[in-house]
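If you want the building blocks of each chain, they are given just below.
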Amino acid sequence: MRILGVDPGLRYTGWGVIDGTRCLGHGVLSVPSSIQISDRLAAIYQGLMALFNEYQPSEVAIESVFVNSNGSSTMKLCMARGVAVLVPGILGIEVFEYSTTLIKKTITGHGHAQKPQVNAMVKAIISGVACQSNMDETDALAVALCHERHKTFNKFNIAC
């Protein structure tokens, strides 16, 4: 089963596709911050559609929204996240959401792990992840791995 993990952002949207613990591909959709938000969202949409066409994932995993102290940043994140949820919705592919704490706990054993710890553990768990992969990519792969570990519970609507 191919799982696409997405770490959305208006500037950088990380993505990773796994099948079990085998990495099929990973990268970042980079969007220039100099263009209008509508054009940035369109670029994310087009990039994600291309990924769906290339990898044909059967499920999508995404981090649930967290609210930080900067309301403007949260709103912008929600816009990018909306596109990341819209694309699989259009294609009829189910989307699963996981909290940041659950993702970190699943990958590192500690729900408040720092990004470098998550990055190192993803590279240790998944074969095929390049050593130079950035945090956006490994965060997306961490979301996909979290779903791989918890998908049985989701099928029975058990809260994780």
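Residues numbered from 1 in each chain as written. Predicted model: local features only at pLDDT ≥ 70, side-chain atom pairs only at ≥ 80, totals over all residues. Heavy atoms only, no water.

(A) Highlighting the packing of helix H3 (residues 100–108) against helix H4 (residues 115–125). Relative orientation of the contacting elements H3 and H4 amounts to 50 degrees, with a least axis distance of 9 Å. Between H3 and H4, the interaxial angle falls into the category oblique. Seen from above, H3 lies across H4 with left-handed handedness. Here Lys104, Ile107 and Thr108 of H3 come into contact with H4, specifically with Gln117, Val118, Met121, Val122 and Ile125. When grouped by side-chain class, the residues that make up the contact of H3 with H4 number 5 nonpolar, 2 polar and 1 charged. (Axes fitted to C-alpha atoms, helices over the stretch in contact; angles between N-to-C directions. Helix = DSSP H or I, 4+ residues; strand = E, 2+ residues; numbered from the N terminus. Parallel < 35°, antiparallel > 145°, perpendicular 65-115°, else oblique. Left-handed = near helix turned anticlockwise from the far one by under 90°. Contact = heavy atoms within 4.5 Å. Nonpolar A, V, L, I, M, F, W, Y, C, P; charged D, E, K, R; others polar.)

(B) Molecular detail of the sheet that holds strand S5 (residues 94–98). The sheet built from 5 strands is open, its strands ordered S3-S2-S1-S4-S5 with mixed pairing. The sheet terminates laterally at strand S3 (22–30) and S5, the two strands that pair on one side only. Across this sheet, the average inter-strand angle for adjacent strands is 20 degrees, counted without regard to direction. The pairing of strand S4 (residues 59–63) with S5 spans 5 bridges and is classified as parallel. If you follow isoleucine 62 over to S5, its bridge partner there is glutamate 97. (Pairing = 2+ DSSP bridges.)

(C) Quick peek at the pattern of salt bridges. All chains considered together, the criterion is met by 4 salt bridges. For glutamate 97, the salt bridge goes to arginine 81, with nearest N and O atoms at 2.5 Å. Taken together, the positions of glutamate 97 in strand S5 and arginine 81 in helix H2 (residues 71–91) put the pair 16 residues apart, joining distant regions of the chain. Between lysine 151 and glutamate 148 there is a salt bridge; the shortest N-O distance is 3.4 Å. Remark: glutamate 148 and lysine 151 occur in helix H5 (residues 135–155); sequence separation between them is 3 residues, near one turn of the helix. When sorted by exposure, lysine 151 lands in the same class as glutamate 148, which is buried. (Salt bridge = Lys/Arg side-chain N within 4 Å of Asp/Glu carboxyl O. Buried < 20%, exposed > 50% of the residue type's maximum accessible area, 1.4 Å probe, protein only.)

(D) Looking closely at the nonpolar core. Ranked by size, the top nonpolar core spans 21 residues in total, and within it Leu4, Trp15, Ile44 and Leu48 carry the most contacts. For this core, the secondary-structure elements that each account for two or more residues are strand S1 (2–7), strand S2 (12–19), helix H1 (37–55), S4 and H2. Here this core takes 7 residues from H1, the largest share from any one element. Aside from chain neighbours lying at most four places away, what touches tryptophan 15 is Leu4, Gly5, Gly25, His26, Gly27, Val28, Leu29, Leu51, Tyr55, Asp136, Glu137 and Ala140. (Core = buried A, V, L, I, M, F, W, Y, C linked by side-chain atoms within 4.5 Å.)

(E) Fine view of the confidence of the model for the chain. On average, the chain scores 89 in pLDDT, and the residues at 70 or more come to 89%. Ranking the helices and strands of the chain by mean pLDDT puts H1 first, with 98, and H5 last, with 87. (pLDDT = per-residue confidence, 0-100.)

(F) Summary view of the environment of aspartate 136. Mapped onto the elements of the fold, aspartate 136 is located in helix H5. Spatially, the C-alpha atoms of aspartate 136 and leucine 29 are 9.6 Å apart, while their sequence positions differ by 107 residues. Other than its neighbours up to four places away in sequence, aspartate 136 contacts Asp7, Tyr12, Gly14, Trp15 and Val28.

(G) Summary view of unusual backbone geometry. With phi around 45 degrees, glutamine 56 is a residue other than glycine that occupies positive phi space. Along the chain, glutamine 56 falls in the loop between H1 and S4.

(H) Broad picture of the packing of aromatic side chains. On inspection of all chains with the given rule, the structure shows 1 aromatic pair. Between the aromatic rings of tryptophan 15 and tyrosine 55, the centroid separation amounts to 5.5 Å while the plane-to-plane angle is 45 degrees, which identifies the pairing as tilted. With a gap of 40 residues between them, tryptophan 15 in strand S2 and tyrosine 55 in helix H1 connect regions that are remote in the sequence. Comparing tryptophan 15 with tyrosine 55 shows no difference in burial state: the two are buried. (Phe/Tyr/Trp six-rings, centres within 6.5 Å; stacked < 30°, edge-to-face > 60°.)

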